[in-house]
Amino acid sequence: MKKQQILLLFALFSITWLSSCKKDPDPTSSGYYIKYNLDGKSYYNKSQVFQAGCNDSYELGGWCNSEKNFYDAAGITIVFTNAITKSDVLALAGKTFYFDATSTGTLPIDGIIFKHNIGMSYVYSYSTTDHSYFVKINSVAFVENNGMFNIYKVTGTFKAKMEYDSSSPSVFKDATSGDFNMMWSSFN
């Protein structure tokens with residue numbers, strides 16, 4: 001009888017342990033990511049580490065590589081009209097940005113860039129006055145200053161008109177259902 005109880009306890013422990021090891025059904029529940037639909041396909045890029053997303057003191061942004069290969073990547077950049085301060089970035093929470101450089105009271109999105117493999121040119125967001133294309137910042141939190149960059153956790157959603165730069169004439173497709181939880185950076 002004691003042997004049966006031990007076997008039963010072992011079986012229950014094994015079932016509990018195995019069920020706790022199953023893959024997380026929501027891949028966005030951990031790590032930093034950007035996901036979207038483009039041209040009938042779903043894309044999901046995830047990064048566990050910081051990837052700088054700015055080139056000068058007026059830019060704020062970040063990148064996420066795909067887990068499939070290093071060459072699949074997606075990034076978002078916002079351009080300010082002045083050198084960026086920490087308070088400028090924290091004030092972005094709740095704001096919506098458009099892909100036109102003339103939006104009153106908003107900053108222009110410099111771009112969303114998708115790169116799907118090493119053999120394909122980049123796919124860029126296209127400037128448009130159509131405000132159905134946007135980037136909405138849901139939240140911003142300061143993470144750290146690593147000596148060169150201020151790093152922030154930024155979440156939000158987007159829809160963008162994308163231009164395939166390798167095509168002549170240009171081909172445009174909509175990136176829809178965009179969602180991100182990324183690490184963005186700005187120079188100190």
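Per-chain numbering applies: the sequence of each chain, read as written, is numbered from 1 onward. For a predicted model such as this one, the threshold for reporting local features is a pLDDT of at least 70, and the threshold for listing and counting side-chain atom pairs is 80 or more; totals across whole chains, interfaces and linings nevertheless cover every residue. Note that water and hydrogens are dropped before the side-chain values are worked out from all heavy atoms of the structure.

Quick word on the pairing of strand 9 (residues 149-164)
Criterion used throughout: strands pair if DSSP finds at least two bridges between them. Put simply, DSSP marks the helices as runs of H or I at least four residues long and the strands as runs of E at least two long, and each gets a number from the N terminus on. Here strand 7 (residues 123-125) runs beside strand 9; their pairing, made up of three bridges, is antiparallel. Each bridged residue has a counterpart across the sheet, and for Val123 the counterpart in strand 9 is Tyr164. Bridging between strand 8 (residues 134-145) and strand 9 involves 10 bridges; their strand directions are antiparallel. What sits directly across from Val135, in strand 9, is Phe158. Between strand 8 and strand 9, which pair antiparallel and follow one another directly, the connecting turn spans three residues, one of which, Gly147, has a positive phi of 100 degrees. Bridge count between strand 9 and strand 10 (residues 171-187): 15 bridges; the pairing is antiparallel. Directly across from Thr157, in strand 10, lies its bridge partner Asp179.

Quick word on the nonpolar core
Take the buried Ala, Val, Leu, Ile, Met, Phe, Trp, Tyr and Cys residues and link them wherever side-chain atoms come within 4.5 Å; each set so joined is a nonpolar core. Only protein chains enter the accessibility calculation, which uses a 1.4 Å probe. A residue is then buried if its area is under 20% of the maximum for its type, exposed if over 50%, and partly exposed in between. Ile34, Ile112, Phe114, Ile137, Phe158, Phe180 and Trp184 are the most contacted members of the largest nonpolar core, which totals 31 residues. Of all the secondary structure elements, the ones that give two or more residues to this core are strand 1 (32-38), strand 3 (59-65), strand 4 (73-79), strand 6 (109-115), strand 8, strand 9 and strand 10. Among the elements that take part in this core, strand 9 stands out by supplying six residues, more than any other. With residues up to four places along the chain from it excluded, the contact list for Trp184 reads Leu60, Gly61, Gly62, Ile76, Ile78, Ile137, Asn150, Ile151, Tyr152 and Val154. Should any heavy atoms of two residues lie within 4.5 Å, those residues are considered in contact.

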